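Report on the structure
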Amino acid sequence: MNSRKIEILVGLFVFLGVAAFTMLALKVANAGIGGSKETFELNAKFDNIGSLKVRAPIKVGGVVIGRVENIFVDPTLYVPVVSLAIDKQYECKFADTTNVSILTSGILGEQYLGISPVIASESSQQSCLGQAVAQSSDDLDELFGVESKALKHGDMLRDTKSALVLEELIGQFLFNQGGE
Amino acid sequence: MMDLFQRLGRTTLDKFAAIGRATQMLLGSLFNLPNPRKGFPLLVRQLYMVGHQSLLIIMVSGLFIGMVLALQGYTVLVDYGAEDSLGPLVALSLLRELGPVVTALLFAGRAGSALTAEIGLMKATEQLSSLEMMAVDPLKRIIAPRFWAGFISMPLLALIFSAVAILGAHLVGVDWLGIDTGSFWSIMQAQVSLEKDILNGLIKSLVFALVVTWIALYKGYDCIPTSEGISKATTETVVHSSLAVLGLDFVLTAVMFSN
């Protein structure tokens, strides 16, 4: 076996290895392009998170815009806090009155976070981004004296809806039946 | 009674001496590389022997293991109407466990035993001593290229194994059993992560490569230089490295995948 032939065959072997890695990285795993996007973080307090898991998707109308980064118990209030990693392009777009709820996909499916966004007003978006606020008199929020802020990194979502727990639902149903 | 203690002590000391010799050999070959210009052709030759020649067995067994996983997974999942989850089932079990472990076991049988037998015969026919007589360090010239060849080829082989097995599962699951090809890939992509699954599997196979190649080379280098000794060393290589791989796999899995 001359050495040139061996070199070619070894080159083929290494090439196959690299090709296999590329295939696994791009075709099998979600990373590569989508996995390492820039995100910003929001926190949300819930009463009960059901069986929400870290890495669960965060959806707006079914479209994934981020993933659950971490779940922990608030050290003073003892309620679960979920940190959300959301795509950077949505930073300063949602108002702080945005509602977030824990939903279930299908009957037995995974739980995910559904966001029903309230779009932040022009002026609060600008102040959130650190730009000079262009004065506009026709801003409805300011007319009614409501002060809404746009959500940026580290903010807390207040309007949350907990997961539905089947036992509680059944309990409530039986209680109502008994009352009739 | 004294005799028993004597034998016990001798065996223990022998084991420690063996570990010491093995470590000496490992360090001697790792940090004692021949210069790149002379060493590289030796490495390429060993990559051919150890890596390229193992390709066939790795790819064929990968294909069949992927196909079997898909068949078995399908029969269970279809009862729950969850046959679309076949993709992540196959991909995760391959990338995390089967890819590195089965590759290491096959590698121990295919390449490890060959390394032990080759070096054992070199020792029996006194080729290693003659190298030393010519002031060539056998660790440098014989052991180091083989060690690095094993260390480089095993992760590549494990990757090829997983890739071929996933294609085999696709063949059975999508082409024969009729799972939708789009959901096969997209659910797989949603569940498998590059850092957590693929890179951890790669780290596993690097550890296995180190252990299997080390055991194979040490058994050959340290064997009793008779035909009986070589046969014993070859058997020990396969048995010890298979057990070491399976044991280490449990430890690594416990460290990597338990949150």
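Remember, it's a predicted structure, so these values are computed and weren't measured experimentally.

Conventions and cut-offs
Residues numbered from 1 in each chain as written. Chains lettered and ligands numbered in written order. Predicted model: local features only at pLDDT ≥ 70, side-chain atom pairs only at ≥ 80, totals over all residues. Pairing = 2+ DSSP bridges. Helix = DSSP H or I, 4+ residues; strand = E, 2+ residues; numbered from the N terminus. Contact = placed C-beta atoms within 7 Å. Nonpolar A, V, L, I, M, F, W, Y, C, P; charged D, E, K, R; others polar. Bend = angle between axes of the 7 residues up to and from the residue. Expected span 1.5 Å × (residues − 1). Buried ≥ 20, exposed ≤ 12 C-beta atoms within 10 Å, placed from the backbone. Axes fitted to C-alpha atoms, helices over the stretch in contact; angles between N-to-C directions. Parallel < 35°, antiparallel > 145°, perpendicular 65-115°, else oblique. Left-handed = near helix turned anticlockwise from the far one by under 90°.

1. Comments concerning the sheet that holds strand 3 (residues 63–73) of chain A
Residues and elements named next belong to chain A.
- Strand order in the open sheet made by the eight strands is 7-1-4-3-2-6-5-8, with mixed pairing throughout. At either margin of the open sheet sits one strand with a lone partner, and together these are strand 7 (156–157) and strand 8 (159–161).
- Pairing of strand 2 (residues 57–60) with strand 3 involves four bridges; the strand directions are antiparallel. For Val60, the partnering residue across the bridge sits in strand 3 and is Val63.

2. Some details on the interface of chain B and chain A
- In this assembly, 25 residues from chain B lie in contact with 21 residues from chain A.
- Taken together, the elements giving at least two residues each to the side of chain B that touches chain A come down to helix 2 (36–51), helix 6 (138–176), helix 7 (181–191) and helix 8 (194–221) of chain B.
- Partitioning the side of chain B that touches chain A into residue classes produces 17 nonpolar, five polar and three charged.

3. Observations regarding helix 4 (residues 86–124) of chain B
- The axis of helix 4 of chain B is deflected most strongly, by about 55°, at B:Leu94.
- B:Glu126 lies just past helix 4 of chain B and shows a positive phi near 60°.

4. With respect to helix 1 (residues 3–28) of chain A
- The terminal C-alpha atoms of helix 1 of chain A, which comprises 26 residues, lie 36 Å apart, in line with the 38 Å expected from a rise of 1.5 Å per residue.
- Every buried residue of helix 1 of chain A is accounted for by A:Val10, A:Phe13, A:Leu16, A:Gly17, A:Ala20, A:Leu24 and A:Val28.
- Buried residues belonging to helix 1 of chain A abut helix 2, helix 3 (55–77), helix 4, helix 6, helix 7 and helix 8 of chain B.

5. Some remarks on the packing of helix 1 of chain A against helix 6 of chain B
- Running from N to C, helix 1 of chain A and helix 6 of chain B point in directions that differ by 55°, and their axes come no closer than 8 Å. Taken together, helix 1 of chain A and helix 6 of chain B sit at an angle that is classed as oblique. You can see that helix 1 of chain A and helix 6 of chain B cross each other, and the crossing is left-handed. Only B:Leu156, B:Leu159, B:Ile160, B:Ser162, B:Ala163 and B:Ile166 of helix 6 of chain B make contact with helix 1 of chain A, whose side of the interface consists of A:Phe13, A:Val14, A:Leu16, A:Gly17, A:Ala20, A:Phe21, A:Met23, A:Leu24 and A:Val28.
- When the residues that make up the contact of helix 1 of chain A with helix 6 of chain B are grouped by side-chain class, the tally is 13 nonpolar, two polar and no charged.

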